[in-house]
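Here's the letter readout for the chains.
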Amino acid sequence: MSVSDAAASRRFVLRGLRWEDAPAWRQVYLDLYDEVKENPELGLTLQERRPTEAEEVAWFSDLYGRSLKGPDVIVVGEVDGHPAGLVTIAPARRGASPWENSHVGILGILVARRHRGHGLGEALMLRALEEARGRFEWVRLTVFSVNSGARRLYERLGFRTVGHLEAEVKRNGRYLDEELMSLDLRSWKAPADVGRRATGAR
Ligand SMILES: CC(C)(COP(=O)(O)OP(=O)(O)OC[C@H]1O[C@@H](n2cnc3c(N)ncnc32)[C@H](O)[C@@H]1OP(=O)(O)O)[C@@H](O)C(=O)NCCC(=O)NCCS
């Protein structure tokens, strides 16, 4: 990447979700179904088939509603005016008594393919974890064991691997393991050496 490419890649802003983002996110998610054909280890779980427009609208409406109501943390990374990355931290809501899990937030992140590797994921994670303080006490995520780049990113931010989920995903007949990672947000401080690449974040 040339220096000017690198500079251009950093022109992103971090902001909340907007209703008018819906078509952009639909495209980003649909593109994953093509990407997984090229990369069977793509680190996101997908549905059996491409979601229909109705399913996408329902998904986005739910996400947008949660962004307004909270306590979910939802941060969008925009590059040159277009949504390029999304991080969510949602209450764990497990089992019959979700109240007793409500101190735990579950993190998910996606950066659109052509915007990866320029620091947007790191900047999104930092902003989301900062916003999550006071809403959640612990943040957890699962990551494909083979997704070493993403695992490094989470470790840099302070996540620890606390479990190994054998054969958690079955994709085209092949099992993929996942790692369960956890961050204690009560004592978390953004590491001093993280976030330097995201100099364009506002
Ligand atoms: C993982 C992901 C969110 C990171 O976002 P990003 O903007 O690419 O991240 P950054 O540029 O801040 O770099 C963070 C790490 O991501 C990894 N990364 C960079 N480009 C990548 C790419 N094209 N694909 C996958 N990971 C990549 C890098 O290894 C980097 O770590 P390193 O600097 O130690 O090498 C993003 O690459 C992505 O959406 N990947 C596909 C979906 C996925 O794996 N999601 C994670 C679910 S747990």
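Reference entry: report on the structure contained in this document. Values in this document were obtained by computation on a predicted structure and should not be read as measured data.

1. Some words on the site of the ligand
Working step 1: The local shell around the ligand holds 22 residues, among which G119, G121, N147, R152 and R156 are the closest.
Working step 2: Here a nitrogen atom of the ligand sits 3.4 Å away from a polar atom, N or O, in the main chain of I109.
Working step 3: The contact in question runs from a nitrogen atom of the ligand to an N or O atom on the side chain of R116, over 3.5 Å.
Working step 4: For the shell around the ligand, the secondary structure elements donating two or more residues are β4 (104-111), α4 (120-132), β5 (138-144) and α5 (148-157).
Working step 5: Looking at the shell around the ligand, the element that brings in the most residues is α5, giving six residues.
Working step 6: Broken down by class, the residue content of the shell around the ligand amounts to nine nonpolar, eight polar and five charged.

2. Brief notes about the pairing of strand β2 (residues 73-79)
Working step 1: Across the seven residues of β2, seven count as buried, placing the element largely inside the fold.
Working step 2: Here β2 shows a buried face lined by V73, V75, G77 and V79 and a second buried face lined by I74, V76 and E78.
Working step 3: Examined bridge by bridge, strand β1 (residues 12-15) and β2 share four bridges and lie antiparallel to one another. Residue pairing in the sheet places R15 in a bridge with V76 of β2.
Working step 4: Pairing geometry for β2 and strand β3 (residues 82-91), over seven bridges, is antiparallel.

3. Comments concerning the sheet that holds strand β6 (residues 160-171)
Working step 1: Across the sheet, which stays open at both edges, the seven strands sit in the order β1-β2-β3-β4-β5-β7-β6 with mixed pairing between neighbours. The outermost strands of the open sheet, each flanked by one partner alone, are β1 and β6. With strand direction ignored, the average angle separating the axes of adjacent strands in the sheet is 25 degrees.
Working step 2: With seven bridges joining them, β3 and β4 adopt antiparallel strand pairing. From the neighbouring strand, L86 faces β4, where its bridge partner is L110.
Working step 3: Where α4 meets the sheet, it contacts β1, β2, β3, β4, β5 and β7 (174-184), and its direction lies at approximately 150 degrees from that of β2.

Procedures and definitions
- Residues numbered from 1 in each chain as written.
- Predicted model: local features only at pLDDT ≥ 70, side-chain atom pairs only at ≥ 80, totals over all residues.
- Heavy atoms only, no water.
- Near = heavy atom within 4 Å.
- Polar contact = N/O pair within 3.5 Å; in protein donor to acceptor, adjacent residues only side chain to side chain.
- Helix = DSSP H or I, 4+ residues; strand = E, 2+ residues; numbered from the N terminus.
- Nonpolar A, V, L, I, M, F, W, Y, C, P; charged D, E, K, R; others polar.
- Buried < 20%, exposed > 50% of the residue type's maximum accessible area, 1.4 Å probe, protein only.
- Pairing = 2+ DSSP bridges.
- Axes fitted to C-alpha atoms, helices over the stretch in contact; angles between N-to-C directions.
- Contact = heavy atoms within 4.5 Å.

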